[in-house]
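Chain and residue survey
Residue-level listing of the chains:
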Amino acid sequence: MSGTRRRFFQNAAGVVTGLFGLGETLRAGTPESTFQSPRENENGRHHSPYGSHGPHPAQARAVVRNHALPMVTPDVADLAPEMDGSVRVFHLVGEPVKRKIAPFRTIDAWGYNASCPGPTIQVQQGDRVRVVFENRLPESTSLHWHGLELPIEQDGVPYISQKPVAPGEKYVYEFTVHQEGTFFYHAHSAMQEMMGQIGFFVAHPERDYKPRVDHDYGLILQEWAVLPSNTVPNTAAMEFNWLTFNGVSAPMTTPLLARLGSRVRLRILNLGMDHHPVHLHGHQFVVTGTEGGRAPESTWCPINTVLVGVAQARVLEFDARYPGAWMIHCHLPHHMMNSMMDLMRDRQIETADQTEAKAMSQMESLARSVPFQHAHPSPVASNAESVPGFPQDAFMEMGMDEVVEKPETYGLPKNWSAGMMGMMTMIRVLPDKEYDAILAKKKMASPSAQEEHRHES
Ligand SMILES: [Cu+2]
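This text gives an overview of the structure that appears in the document. If you're wondering where the values come from, they're calculated on a predicted model, not measured in any experiment.

Only His276 (ND1), Cys330 (SG) and His335 (ND1) from the protein reach the copper ion as donors, at distances of 1.9 to 2.1 Å. Summarised as a motif, the one-chain spacing of the donors to the copper ion is H-x53-C-x4-H. For the residue pair Cys330 and His335, the accessibility class agrees, reading buried in each case.

This part is about the packing of aromatic side chains. Within this structure, the stated rule accounts for nine aromatic pairs. Residues Tyr112 and Tyr185 carry aromatic rings whose centres are separated by 5.3 Å and whose planes lie at 70° to one another, so their mutual orientation is edge-to-face. Of this pair, Tyr112 sits in strand E3 (residues 105–112) while Tyr185 sits in strand E8 (residues 181–187), placing them 73 residues apart in sequence. For the pair formed by Tyr112 and Tyr185, the shared burial category is buried. For the cation-ring pair, Lys441 lies above Tyr410, with the distance from its terminal atom to the ring centre recorded as 4.3 Å.

With that out of the way, let us pick up unusual backbone geometry. Between Cys116 and Pro117 the backbone carries a cis peptide bond, its omega angle lying at 0°. Position of Pro117 relative to the elements: it lies in the loop between E3 and strand E4 (121–124). At the junction of Ala250 and Pro251, the peptide bond is cis and its omega measures out at 5° in the coordinates. The backbone of Ala114 sits at a positive phi, close to 65°, despite the residue not being glycine. Tracing the backbone shows Ala114 in the loop between E3 and E4. In this model, Asn246 sits at a positive phi of 50°, which is unusual for a non-glycine residue.

Quick notes on the rules
- Residues numbered from 1 in each chain as written.
- Predicted model: local features only at pLDDT ≥ 70, side-chain atom pairs only at ≥ 80, totals over all residues.
- Heavy atoms only, no water.
- Donors = N, O, S within 2.8 Å, 3.2 Å for Na, K, Ca; no water.
- Buried < 20%, exposed > 50% of the residue type's maximum accessible area, 1.4 Å probe, protein only.
- Phe/Tyr/Trp six-rings, centres within 6.5 Å; stacked < 30°, edge-to-face > 60°.
- Helix = DSSP H or I, 4+ residues; strand = E, 2+ residues; numbered from the N terminus.
- Lys NZ or Arg CZ within 6 Å of the ring centre and 35° of its normal.

Next comes the structure, spelled out in C-alpha cells:
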C-alpha cells in the first residue's frame, strides 16, 4: 500500500457511511426543493453502456413527479425556486461577475446572480415556470430559452418577440414546460453570450428515464480571449486562450465523484465559437440525449468521444466500472492548456528556438505572481537544449495541489494538478470506503449538511 493510499485510509477512519449522494443534495437541495436525494440503485447493475435490459424496478413505477435525481453542476450553484401556488418561480439577475477561472486569473465576465455561468435551473416536465428577470447590466438584454417549445412572446429575442429589457428594468417570463431534457437559457445577443451569459435549464422527465442513474452531472463549455494585462474577455476575438468547464479551468475544476459500480449521466452543453470533442478516459459511454431531449435507445452506440457542437447539448451515460481518476476533457490540443500568453511572450513567436533557462525563467516569473509553490516534476534529458523543438510540454506543468485542494481532490496522487489544464476535469470512480470518506469530508466542509441529511432521511 502506498504512503498516499495509507494516509487516505488513516484519515478516512471513523467516517460515517451511508451518506451516498449527500454532497449532491447539498449543492442542489434547498428547503424549497422537492427533489429527492440520489438513491443508489444496486439492482440491474450491468456492464454495458446500453444499460440494463432485464426487469428494472423503475419500470414498475407509476408516473412520479418531483422525485427526480437532481443534476449537479460542479462549481456552479442551483437556483432555488419559490412556489406561487403551483407555479415554480425563479429570480434571475443579469449582472457583471468577477470570475476566478484559475488560481492566478480572475476575469470580468457577465453572468447571472453573481455566477458565471449562471445558476442551474431545474424543473419537472409539466411544470408551470415563472422567471422574474432583472437587468443589472449596463446595456439592454433579454433571456432566450434555448430548445424550449413555448409561445413566441416568451422566446426572448430583442425586437422580434419582445422589447429589449433596459438596464434597471424587470421582465417576467412565464411558460409551461411540456418537454423533458437538457436546455439552457442565454442572452440572445452574441457578444453577451461570449461574456458568459448562459446557464442550464434542466427539465426532469415525468416518467423516469430507463435505466436509472445514480449520478447526474452537468458541464458548460466556454472559451475566453483574455489578452495579457486584461481582465475583460475580448468578445470579438476568434482565438481563445482560456477554456473552462463551468467557469473554471483545470486544475480548479471540481472532480466529479462516482461510486464504483454506479451508473453516471453527464450532460455537456456548449455555447461558444468552437465545437469541442469531449473524451472520457477508461470507459465507453452512449449518447442518450441531445438538446432536443431523450434519444431512442435504438440510436445508442458505444463511443468514448462526443463532439459537442455550438449550441448543442449531449447527454451521455456510462457504468463506472473501473476505479481510478479518469479524465474528462476536450481533446483539441489548444483546449488542453491554460493561457501562456501572459508569460510566454516571445515564445509565441520563437516557438522552436528556446533555451531551458529561458523557459524556466518565464515560468518562474509566473510563479512569483501567484501564491503557490511552482513544481516542475518531470525530468528532461541532459542534452535537451540541443534537440530542435525543445521545450514543448517541459516546464508547462504547474503543480498547485494545495491551492486547489477541496474534499473532492482528497487522496489524489501528489502533484496530480500538474497534469490538469484547460477544458478538463475528472471523474473519480471510488470504492465505497473512499467514496464515503470524501462525502464525509464534504459534509464537514459544509455545516448545513447535517440539517439537509435530516430532511432527506
Ligand atoms: Cu475544445
